[in-house]
Amino acid sequence: MSIFVDENTKVIVQGLTGSQGRFHGLRNRDYGTKVVGGVTPGKGGSDVDGIPVFNSVKEAVDATGATASFVVVPPKFASDAIIEAAQGGITFIVCITEGIPAHDEALTYNRLVEEFPGVRLLGPNCPGIISPGKCNIGITSGDIALAGGPVGIVSRSGTLTYQALHELSMQGIGQTTCVGIGGDPVPGTNFIDCLAEFEKDPETKAVMMIGEIGGSEEERAAEWIKLNMTKPVVAYVAGVTAPPGRKMGHAGAIISGSKGTAQAKMDALTAAGVYVCQNPTEAGAKMVEIVRAM
Amino acid sequence: MSIFVDENTKVIVQGLTGSQGRFHGLRNRDYGTKVVGGVTPGKGGSDVDGIPVFNSVKEAVDATGATASFVVVPPKFASDAIIEAAQGGITFIVCITEGIPAHDEALTYNRLVEEFPGVRLLGPNCPGIISPGKCNIGITSGDIALAGGPVGIVSRSGTLTYQALHELSMQGIGQTTCVGIGGDPVPGTNFIDCLAEFEKDPETKAVMMIGEIGGSEEERAAEWIKLNMTKPVVAYVAGVTAPPGRKMGHAGAIISGSKGTAQAKMDALTAAGVYVCQNPTEAGAKMVEIVRAM
Amino acid sequence: MDLFEYQGKRYFARHGIAVSPGDVADTVDEAVAVAERVGYPVVVKAQVKVGGRGKAGGVKLANNVDEVREHAVNILGLDIKGHVVKRLWVERSSDIAKEYYASFTLDRPNKTHLGMLSAQGGVEIEVVAEENPEAIAFLSIDPVEGLTLATARRWVAEAELDDVAREQSAELLVKLYECYTQGDCDLAEINPLILTPDNKVHALDAKVTLDENASYRHPEWEEFRGDEFEDPREKMAKEKGLNYIGLDGTVGIIANGAGLAMSTLDVVNQVGGTAANFLDIGGGANADVMAAALEVINADPKVKSIFVNIFGGITRVDEVAKGVLEALKRVSINSPIVLRLDGTNALEGRALLAPHLNENLITEPTMLDAARRAVALAN
Amino acid sequence: MDLFEYQGKRYFARHGIAVSPGDVADTVDEAVAVAERVGYPVVVKAQVKVGGRGKAGGVKLANNVDEVREHAVNILGLDIKGHVVKRLWVERSSDIAKEYYASFTLDRPNKTHLGMLSAQGGVEIEVVAEENPEAIAFLSIDPVEGLTLATARRWVAEAELDDVAREQSAELLVKLYECYTQGDCDLAEINPLILTPDNKVHALDAKVTLDENASYRHPEWEEFRGDEFEDPREKMAKEKGLNYIGLDGTVGIIANGAGLAMSTLDVVNQVGGTAANFLDIGGGANADVMAAALEVINADPKVKSIFVNIFGGITRVDEVAKGVLEALKRVSINSPIVLRLDGTNALEGRALLAPHLNENLITEPTMLDAARRAVALAN
């Protein structure tokens, strides 16, 4: 099984007629994802390589029965696109857009939570979600993922998500689902949301978690794992060497004092019984060892 | 000088035609307080021993120029009376009413703060305020107070307020103003409000403070004193012997853990440089000693 | 006023909060009848106003009629920390997937309402607050604004409640807040608030404290009264309308005002005595009240002396004096009385008493002197 | 983007927040001119983006023209923790009755805005938070609801600001929140917010950090740019649109993605090396970006080897390979380059590079191998 999405998930692409939307939307469809429509205001009635385009999410949902949306529009339009998706009946929204102002993210997150309690947002500024062989929404290259489980992956970092998939697939270890939650200040979906789903998913036997410096999401996840997680978790946290007080790229990873450092996160995770590794390769090797011993 | 009220303060009594209102209202007037009117809906145009009665606070304020109100009505009417006073243009409200539900107090306090930022409420469930020789609003017996300063008194407890006045007056030490803030869960005026006024008042040379177990107002006052107070403060805190977890009367004094105990309060006050005494008599004696040495 | 679990659950149910089907039982047969009605398995729960019931053997699971009978027999009459079990609550047992914690109370320093919500329920919240404060999502609620469903939804997400529990919990929290405010609770607490394996959220326990000041607008509270006072002295005092708390010492205390009463306890303690009680006769106490107070104190066999400490304000000292004399006529007081009288009409009061003073009716000029005398007589 | 004090004050002033009259000065004569215009006494303040100006002698009171001249001469050119003062802010001196603290920032765990208000300002708020957390009134603000004047009034009372300061402060806080949200600040902080002896409230300092992601809707931010980069390497990188942070080591780092870049630093560190920089070329980086990145690294004289770590996703590895070859044509690279290439079109990329490999252009199969090689070449 997979989490959040599966082989039956019908997806629309908001921004399908743009260059990025077209590239990734078609790539997702080619992977096997049920991309059933696109949304671009004013372009309803046209199509992109056979995928029908609608003027609004509502129209697209009514016509296709889609439940998921892939938001791939520029930062200034992303918040409105996300809210439109929720209003239109979409329950799972993946937004890869990078560079959305933090205030917009905070406002959009809270509007979603308050007005659309059944809707989940993944991202923004995330690589998306892939359930190998079933569904790929986002920008992950499908060929680095391997179907058949038994590992679930959740990651705050884009490239490290690919690295994690690569390390496992190279060793013949498949993934149930790989979720890139993104490193922005206000992520719609966090580690705990994913860990809880992986814990419930019978096909997921172990979880790999990729964290980063900044914030306290890893510490909160550690607390949750300690109390709720029965499956083994292998973690890697990037940024041990990062100098305090510097912002390392769009990750919004600001270190303030000891809290939020990679070391503090690694300590918290270790205390929660997680296998904490020093680099992605080591994490991959540890996971291979765990899976092979099952 | 005095704080909050003085010899020119014009006072109306909300509930003047009731038995308590009549008794205390006339007693306040006899003391010399400028009691210029009463308010009882439906009894406008009548008078109580020469004091004109109005149908509403607004009418009373328009006719008399009153700035202070003495609310002496039953609990079920008290909240509305306080709000009516603020709406009618009163800026200093003394409410002696005992037994107002805590939720009403919380709601009324916040409505006042949010809608009428210039209005001060003293109480509810307090003995009121007396500036000896100038103004007495409330139920304090005027003859236990002594005019001429130099001590300011602020107390959470009714009877202990009288005790404090008594201890000082018997020794010939007068008071600038004595404020009973009351021991209810949500007092309109707190220790810090009064301490700040006493600190500013040139005629007040020292302050006596009477606290009680429960809450954290004394601790907050201690912190304020440490940072802001230049005048000597003598304190007594009632409830050293009170068993933990019991509610000692209407004071709403619930002890939970070590926080809120009399000892914790005394420690905080001592650390702030306050002279902390073991009983009201000792506190009186200490204050007499301080004043005589000035 | 603290409510028993079963009373709290009924209070919750009135506000639309889901609780387990169940009923009270004062006898073993009643317990069996309830169990048969709600269906097995059931939980048999001692109704006492004290924590730690489970550890004391006051909460048991029963799978059939024999087990209900066995547990009811054992629990009825059980002494849990000094509280004797007289009543049971028997309810349908719930399967538990997750245990949460939820409560509302007044945040005195901030003068707002305070909501506490945690995905870690079923244990004492004080322990969670101590060991892992980040596991509690605190919500400060402006009484003017109240709690909206939108804010409750934000709150359940912040507390990281399980996805399937969030919307139900948000709706329940809004109802619990209504119960707390409209129901005039000092505390409304659910611990645990459970999520069942079939994804239902409901209250498995109920801790409710009502604000007595609001009783005038809650005639329905009458049903909760009666069993509240474990201490017979407190029961008697309550019937007489007095604010009384029983303690373990030998000096009976009567004072006017909570602060003065507490101060009286302190002074008695300082001079080497122990107080038998806290008794505040309040403002404006007259002869009847004073007589009633003396009667209550007199009924306490541990009392060896009585300290009456009055500073007249609203309370007139001459009235107090009359009350003392009246009580002496009505009841035979077992212990010597030491009086300290000051304030409004103190002279008149002392004059009234003067002809009656003897070794069992003594006045002292100050609070400290009176305390010393009362303690000397008690020790 | 951090603002200088004078920029922050102008940002505040635009939102109606009271600040002291003053102006910037880049020379001694300009400082004198400002002082004469705003009136004595004035404060002469070094404009640097680092704390501890006062202790370093960067803030001085001047009562007359001679003192302004003297202080301006001393402060211009002063080195404060590595920041050389090039600009002054000269403002009318304020008498201070009380110093408060006020700020808004994002509360990431709670996903709300967080207001902090304290009657204890003028000192570092971290110190207050540590020693006396109760002295800070925290306010959680739902971005959907915003901050109303009513809530601000409640907040100033909770923080125990002085009576006379409350209404002015409440109004100012609402404006500061507007500045924070409409102005897209990551942080808007006033420390101290002062109350003057004549009961006026205004901002005596300004600390503002802007969210670069919002720059598309703030053309007015252009005026703040220019002086931001103290490090010439960072300035050059910024001009080329790269996400670069200068560090002190010898291995130049180029990676795609912030996480991978951080991870690359970690791995270099683990195998005994030190990174010269953090450089994330981002998603979808093409040949031009890669060439620019190599140029920036090449300009750093401390760099002894360059580690290019690419995992293609959006970024296509063949594009990266082209970029490297392009850069080698354009610039003479001083240090050997070690490449690790994986992901989208990795095979094509490696094939493109194969004919050009030599002792100064090396590929390694894994991240760890590449790190070891780069460190060996640098040490």
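Just so you know, these numbers come straight off a predicted model, no measurement behind them.

### Some thoughts on the overall build of chain A
Along chain A, the regular secondary structure elements total nine helices and 14 strands. Taking 19 Å as the expected radius of gyration for a compact globule of 294 residues, we find that chain A reaches 18 Å, a close match to that expectation. Dimensions of chain A, computed from the C-alpha atoms along their principal axes, are close to 55 × 40 × 30 Å. Of all 294 residues assigned to chain A, the portion counted as buried reaches 65%.

### Describing unusual backbone geometry
Residue and element names in this part refer to chain D. For the bond from Y40 to P41, the omega torsion is -5 degrees, close enough to zero to count as cis. Tracing the chain through its elements places P41 in the loop between α2 (28-38) and β2 (42-46). Cis geometry marks the peptide bond from N191 to P192, where omega comes out at 5 degrees. For P192, the position within the fold is in strand β10 (residues 185-195). With phi around 65 degrees, N199 is a residue other than glycine that occupies positive phi space. By the secondary structure assignment, N199 is in the loop between β10 and β11 (201-203).

### Details of the interface of chain B and chain C
Quoted interface sizes are often the accessible area lost when the parts come together. Between chain B and chain C, the residue contacts involve 56 residues of the former and 47 residues of the latter. Where chain B meets chain C, there are one salt bridge. B:D104 is the partner of C:R217 in a salt bridge, and the nearest nitrogen-oxygen pair spans 2.8 Å. Counting every contact that joins chain B to chain C gives 18 residue pairs in polar contact (both at pLDDT 80 or more). Taken together, the elements giving at least two residues each to the side of chain B that touches chain C come down to α1 (19-31), α3 (75-87), α4 (102-115), α5 (158-170) and β13 (233-238) of chain B. Top element by residues in the side of chain B that touches chain C is α4(B). It accounts for nine residues. Taken together, the residues that form the side of chain B that touches chain C break down as 24 nonpolar, 21 polar and 11 charged.

### Notes on the sheet that holds strand β6 (residues 88-92) of chain C
Residues and elements named next belong to chain C. The strand order β1-β6-β2-β3 describes an open sheet built from four strands, whose pairing is antiparallel. Pairing within the sheet leaves two strands with one partner each, and these edge strands are β1 (22-25) and β3 (59-62). With direction set aside, neighbouring strand axes in the sheet form an average angle of 20 degrees. Packed onto the sheet, helix α1 (residues 5-14) meets β1, β2 (42-46) and β6 and runs at close to 50 degrees relative to β6.

### Brief notes about the confidence of the model for chain C
Note that predicted coordinates carrying low pLDDT should not be read in detail. Per-residue pLDDT for chain C averages 91, and the proportion of residues at 70 or more is 98%. Across the assembled chains, the prediction reports ipTM 0.90 with pTM 0.90.

### Section: the packing of aromatic side chains
Note on aromatic pairs: each is described by the distance of the centres and the angle between the planes. Enumeration according to the criterion identifies 16 aromatic pairs over all chains in this entry. Grouping aromatic residues by their ring pairs yields a cluster made of C:F104, C:W155, C:Y177 and C:Y180.

### So, the environment of B:E203
With respect to the helices, strands and loops of the structure, B:E203 is situated in the loop between α6 (191-200) and β12 (206-212). Discounting residues that sit within four places of it in the chain, B:E203 has contacts with B:M1, B:P150 and B:T176.

### Focus: α4(B)
An α-helical segment advances 3.6 residues per turn. Residues three or four places apart therefore align on the same side. Residue and element names in this part refer to chain B. The terminal C-alpha atoms of α4 lie 20 Å apart, and with 14 residues this matches the ideal 20 Å at 1.5 Å per residue to within 8%. Taken across its 14 residues, α4 has 11 buried, putting it largely inside the fold. For α4, the full list of buried residues reads A102, H103, D104, E105, A106, T108, Y109, N110, L112, V113 and E114.

### Considerations on the domain arrangement of chain A
All names here are of chain A. Segmentation of chain A into domains returns domain 1 (10-122) and domain 2 (141-292). The gap between the C-alpha centroids of domain 1 and domain 2 is 26 Å. In this assembly, 10 residues from domain 1 lie in contact with 13 residues from domain 2. Buried surface at the junction of domain 1 and domain 2, summed over both partners, amounts to about 980 Å²; 53% is from carbon and sulfur atoms. Between domain 1 and domain 2 we count one salt bridge in total. Here D193 ties to R120 by a salt bridge, and the two come within 3.3 Å at their closest N and O atoms. Between the two partners, domain 1 and domain 2, sit four residue pairs in polar contact (both at pLDDT 80 or more). Per-element tally for the side of domain 1 that touches domain 2: the top contributor is helix α4 (residues 102-115), with four residues. In terms of residue class, the side of domain 1 that touches domain 2 is built from six nonpolar, no polar and four charged.

### Some words on the environment of A:E114
Relative to the assigned elements, A:E114 resides in helix α4. Under the relative-accessibility criterion, A:E114 is labelled buried at 6%. Between the alpha carbons of A:E114 and A:P41 there is a distance of 26 Å; along the sequence they are 73 residues apart. Sequence-distant contacts of A:E114, defined by excluding residues within four places in its chain, comprise C:A150, C:R153, C:R154, D:D142 and D:V144.

### Concerning the domain arrangement of chain C
What the domain assignment lists for chain C is domain 1 (21-92), domain 2 (98-224) and domain 3 (232-378). The centre of domain 1 of chain C, based on its C-alpha atoms, is set 43 Å off from the matching centre of domain 3 of chain C.

### Brief notes about the interface of chain A and chain D
The interface of chain A with chain D comprises 55 residues on the first partner and 47 residues on the second. For the pairing of chain A and chain D, the buried interface totals around 4,100 Å² over both sides, and the portion due to carbon and sulfur atoms is 56%. Our count for the chain A to chain D interface comes out at one salt bridge. Applying the counting criterion to the chain A and chain D interface returns 18 residue pairs in polar contact (both at pLDDT 80 or more). Residue assignment for the side of chain A that touches chain D shows that the elements contributing at least two residues are α1 (19-31), α3 (75-87), α4, α5 (158-170) and β13 (233-238) of chain A. A class-by-class count of the residues in the side of chain A that touches chain D yields 23 nonpolar, 21 polar and 11 charged.

### Looking at the sheet that holds strand β11 (residues 174-180) of chain A
Residues and elements named next belong to chain A. Across the sheet, which stays open at both edges, the seven strands sit in the order β9-β8-β11-β10-β12-β13-β14 with mixed pairing between neighbours. Pairing within the sheet leaves two strands with one partner each, and these edge strands are β9 (135-138) and β14 (275-277). Neighbouring strand axes in the sheet, compared pairwise and without regard to direction, differ in orientation by 15 degrees on average. One ladder, built from three bridges, connects β13 with β14; its direction is parallel. Among the inter-strand pairings, V234 is bridged to a residue of β14, identified as Y275.

Cut-offs applied
- The numbers attached to residues start from 1 for each chain and follow its sequence in the written order.
- Starting at A for chains and at 1 for ligands, labels are handed out in the order in which the entities are written.
- For a predicted model such as this one, the threshold for reporting local features is a pLDDT of at least 70, and the threshold for listing and counting side-chain atom pairs is 80 or more; totals across whole chains, interfaces and linings nevertheless cover every residue.
- Heavy atoms throughout the structure, all of them, feed into the side-chain values; hydrogens and water do not.
- Only DSSP runs of H or I reaching four residues or more are called helices, and only runs of E reaching two or more are called strands; each is numbered from the N terminus.
- To get the radius of gyration, use the C-alpha atoms; to get the globule rule, take the number of residues to the power 0.38 and multiply by 2.2 Å.
- Accessibility here uses a 1.4 Å probe with only protein chains present; expressed as a share of the type maximum, an area under 20% marks a residue as buried, one over 50% as exposed, and anything in between as partly exposed.
- Here, residues are in contact when the closest pair of their heavy atoms is within 4.5 Å.
- Should a side-chain nitrogen of Lys or Arg be within 4 Å of a carboxyl oxygen of Asp or Glu, the pair is scored as a salt bridge.
- We call two N or O atoms a polar contact when they sit within 3.5 Å, provided that within protein one can donate a hydrogen and the other can accept it, with sequence-adjacent residues counted only if both atoms are side-chain atoms.
- Only Asp, Glu, Lys and Arg are considered charged in this grouping, and only Ala, Val, Leu, Ile, Met, Phe, Trp, Tyr, Cys and Pro are considered nonpolar; every other residue, Gly among them, is considered polar.
- Here, any two strands with at least 2 DSSP bridges between them count as paired.
- Working convention: axes come from line fits to C-alpha atoms, limited for helices to the stretch in contact. Angles between N-to-C directions cover 0 to 180 degrees.
- Each residue gets a pLDDT score, which is the predictor's confidence in that residue and runs from 0 to 100.
- Side-chain rings of Phe, Tyr and Trp, where Trp is taken by its six-membered ring, are said to pair if the distance between their centres is within 6.5 Å; with planes under 30 degrees apart they count as stacked, over 60 as edge-to-face, and otherwise as tilted.
- One less than the number of residues in a helix, times 1.5 Å, gives the span that helix is expected to have.
- Either an automatic procedure or a domain database provided the assignment from which the domain bounds are taken.
- Put simply, buried area is the surface a 1.4 Å probe can reach on two separate parts but cannot reach once they are joined, added for both.

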